[in-house]
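The lines below spell out each chain.
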Amino acid sequence: MRIPRLGFVQSLSLAQARRVALAAQGFTDPSHAAPTLRTLARTVGRTGVLQVDSVNVLQRAHFMPLYSRMGPYDVDLLRRAATGRRRRLVEYWAHVQAFMPVDLWPVMEFRRRHYRDQRGKWWKALDDDQVAAVLAEVRRRGRPVTARDLDDGAPRAKEHWGWNWSQARVALDYLYMCGEVAVAGRNGQFEVQYDVPERVLPAEVLDTPPVPRAEAVVELVRRAARSHGVASAHCLADYYRIGVKDAQAAAAELVAAGELEPVRVEGWRRPAYLHRDARLPRRVAARTLLSPFDPVVWERARTEALFDFHYRIEIYTPAAKRVHGYYVLPFLLGDRVVGRVDLKADRATGTLLVPAAFAEPTAPPETASELAAELRRLAGWLGLDRVEVGARGDLAPALRAEAAAGAGAVPAPG
C-alpha cells in the first residue's frame, strides 16, 4: 500500500505506523500449517534477535516471540537452529543476552573489544592468571562446560585452581563477553555451557574479518530499522543497545544511501525514519500474546507511542505493589494491544492459570472471546489441558465465562 507524502517528507498516521511496525516484525507473514526451520529463519529475519531470560513461570522468553508470530511450533526447532556445525543462531549480548544470527559475530567485534578494554570496570576481581587458567581448562576438556563443571570436585585451595565456583563463573562471563569463549548451549537447569569459539561457530563465520566499529554500528542500525519498519533514533539505538548519537549518525548515513527515509508520524515528537523495504498492509489480522521480552514491547516509550499502552514488567515489584500481576503478557488483536493477562503454567495440574485479566479502554466487544481462544491455543502449545481464569481484573468475569464455554477445546501441542 502506498505511503502518503507531505511535501518531501512522508507522513504516517498512527494507525499506519502500527501496521508498518507489526508487518516488519512478521505479524502479516502467511502462516505455515507446520512451522519448519525455514519458518523459524524467516521469523528471526524479522525480529533480528530473540532475547533470553531465565524466568520460566510460563515459557522461556526466547521461545515466545516465535510462538507469537508462527503459532504453535515444535520448540526443538530452536535447538536445532542453535546447535551443531551448521548452527544458524548463537547467544551473545546483542540486545541484551539473546540469540542472534551467526553472521552477526564479526559485526559484534567492536563490542567484544569494548569489554576487553573495560575489564577493570566490571571484572576487577579477576587477574590474568585466573582468566588464562579458566580458558585453558575449557579448551583442555574438549566439550562444552558450565561454571559448575569447573568447580565440581576441585579443591578450594588457592595453590590448585585459584578460584571457587563464583570466580569461575565471573571468569567465564568475562571470556564470553570478550569472545574468547562462546555459548555452546544450555543444560536442563538452564545453565550456560561454554566452549571455545572454534568448537561452537561455523568456520566461515570465524574466518570473516571483524567489521570496523563505524561500519558495525551502521549495520546494526540498518537491521534495527528493518525490524522496526518505522522508528525514531531512540528506537533504533535501543534495539542493539548502542548510543543514541551513534544511531543518529548511522541513520543519517543510511538516509544518504537511500535505505532510510525521514518520516513524520502522527503524535510523535521525535523525528522518525522509514526503512525502504517497509510494507504498509491494509490490515493486520493478528491475535496473539506478547512476551514481556518481545521486541514489540522492548522500548516502553515506543510501545506507548505506537499503541497507547503503558506497560511495565512487575516481576521485581513486591507482590503487594503490583498493579497487574507477576508475569503479564499484552494481548495483541488486529493492530492494537487490547488487554493484558497475568499467566502461569501449572505443569503439575496441566493448567494454564490466569490470575488476572484487564482490558484496555479501546478493547472491542469481542476481546474476551478472542482472548479465550488464544489462551486455549497457548495452553495446547504448552501441553496444558485446561485454562483457569481467576477473579482479578475488569476483563476476568467475561473471560472466565468464555473460557468455561470453551472448556475441553484445548488443542493438542503443535
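For the structure itself, consult the block above.
Residues numbered from 1 in each chain as written. Predicted model: local features only at pLDDT ≥ 70, side-chain atom pairs only at ≥ 80, totals over all residues. Heavy atoms only, no water.

Novice: Break down the sheet that holds strand β4 (residues 89–93) for me, with residues and values.
Specialist: Strand order in the open sheet made by the three strands is β3-β5-β4, with antiparallel pairing throughout. Only two strands of the sheet have a single partner each, and these edge strands are β3 (50–51) and β4. Where β3 and strand β5 (residues 97–101) come together, two bridges link them in antiparallel fashion. By the bridge assignment for β5, Q51 is matched with A98. (Pairing = 2+ DSSP bridges. Helix = DSSP H or I, 4+ residues; strand = E, 2+ residues; numbered from the N terminus.)

Novice: Outline helix α1 (residues 14–24), supporting the account with residue identities and numerical values.
Specialist: The buried fraction of α1 amounts to nine of the eleven residues, a majority that puts the element mostly inside the structure. Within α1, burial applies to Q16, A17, R18, R19, V20, A21, L22, A23 and A24. A positive backbone phi angle near 100° is found at G26, which sits one or two residues after α1. (Buried < 20%, exposed > 50% of the residue type's maximum accessible area, 1.4 Å probe, protein only.)

Novice: Could you give an account of the sheet that holds strand β11 (residues 287–289), with specific residues and numbers?
Specialist: Consider a sheet: its strands pair through backbone hydrogen bonds, and that pairing is either parallel or antiparallel. Judged by pairing direction, the sheet is mixed, and its five strands sit side by side in the order β11-β12-β13-β14-β15 without closing on themselves. Both outer strands of the open sheet, β11 and β15 (386–392), are each paired with one neighbouring strand and no more. Taking the axes of each pair of neighbouring strands and ignoring which way they run, one obtains an average angle of 30° across the sheet. By the bridge criterion, six bridges tie strand β12 (residues 328–333) to strand β13 (residues 336–346) in an arrangement that is antiparallel. (Axes fitted to C-alpha atoms, helices over the stretch in contact; angles between N-to-C directions.)

Novice: Go over helix α16 (residues 396–405) with me, naming the residues and quoting the values.
Specialist: Of all the residues in α16, the buried ones are A396, L399 and A403. Axial view of α16: buried residues confined to an arc of 65°, hence all on one face. Across from the buried face of α16, at angles greater than 90 degrees, the exposed residues are A404 and A405. On its buried side, α16 packs onto β13, β14 (351–359), α15 (367–381) and β15. (Arc of directions from axis to C-beta. Contact = heavy atoms within 4.5 Å.)

Novice: Run through the environment of D308, naming residues and quoting values.
Specialist: Counting through the fold element by element, D308 comes out in the loop between α14 (300–307) and β12. Owing to a relative accessible area of 57%, D308 belongs among the exposed residues under this scheme. Separated by 28 residues in the primary sequence, D308 and R336 have C-alpha atoms spaced 8.9 Å apart. Filtering out sequence-adjacent residues up to four positions away, D308 remains in contact with T303 and E360.

Novice: Break down the nonpolar core for me, with residues and values.
Specialist: Counting residues in each nonpolar core, the largest one holds 63 residues, and the members touching the most others are M100 and Y240. Among the elements that make up this core, the one with the highest residue count is helix α9 (residues 165–178) (eight residues). The residues touching Y240, leaving out its near neighbours within four places in the chain, are G48, V49, A94, H95, L104, M108, R111, L220, R223 and A224. In this structure, A61, L343, A372 and L375 belong to the second largest nonpolar core, which totals 51 residues. (Core = buried A, V, L, I, M, F, W, Y, C linked by side-chain atoms within 4.5 Å.)

Novice: With reference to specific residues and values, describe the side chain of S232.
Specialist: Along the chain, the position of S232 falls in strand β8 (residues 230–232). With residues up to four places along the chain from it excluded, the contact list for S232 reads W268, R270, P271 and A272.

Novice: Explain the pairing of strand β10 (residues 272–275) residue by residue, including any values.
Specialist: The two faces of a sheet get side chains in turn, since along a regular strand they alternate between them. Judged by which residues are buried, β10 turns out to be covered on both faces: A272 and L274 on one side and Y273 and H275 on the other are all buried. Where β8 meets β10, three bridges bridge the pair, whose relative direction is antiparallel. Counted as the bridge partner of V230 is L274 from β10. The pairing of strand β9 (residues 260–265) with β10 spans four bridges and is classified as antiparallel. When the sheet's bridge partners are listed, L260 is paired in β10 with H275.

Novice: Let's hear about the packing of aromatic side chains: which residues, and what values?
Specialist: For the structure on display, the rule yields ten aromatic pairs. Between Y92 and W105, the aromatic rings sit 5.8 Å apart at their centres with planes inclined by 65°, giving edge-to-face as the arrangement. Within this pair, whereas Y92 is found in strand β4, its partner W105 is found in the loop between β5 and α5 (109–117), the two being separated by 13 residues in sequence. Of the two residues, Y92 and W105, both sit in the buried class. Consider the rings of Y239 and W298, whose centres lie 4.9 Å apart with planes at 65°: the pair is edge-to-face. On the criterion of sequence distance, the pair formed by Y239 in helix α12 (residues 233–239) and W298 in the loop between β11 and α14 is long-range, its members being 59 residues apart. The same class applies to Y239 as to W298, namely buried. A cation over an aromatic ring shows up here: R112 above the ring of W105, its NZ or CZ 4.2 Å from the ring centre. Geometry around F190 places R186 over its ring, the cationic atom sitting 4.2 Å from the centre. (Phe/Tyr/Trp six-rings, centres within 6.5 Å; stacked < 30°, edge-to-face > 60°. Lys NZ or Arg CZ within 6 Å of the ring centre and 35° of its normal.)

Novice: Lay out the pattern of salt bridges with the relevant residues and their values.
Specialist: Per the counting criterion, the structure on display carries 27 salt bridges. A salt bridge links E360 to R340, with the nearest nitrogen and oxygen atoms 2.9 Å apart. Taken together, the positions of E360 in the loop between β14 and α15 and R340 in strand β13 put the pair 20 residues apart, joining distant regions of the chain. Given the relative accessible area of 13%, E360 is considered buried. E388 is paired through a salt bridge with R386; the nearest N and O atoms lie 3.3 Å apart. When its relative accessible area of 37% is taken as the criterion, E388 is described as partly exposed. What makes R386 partly exposed here is its relative accessible area of 41%. (Salt bridge = Lys/Arg side-chain N within 4 Å of Asp/Glu carboxyl O.)

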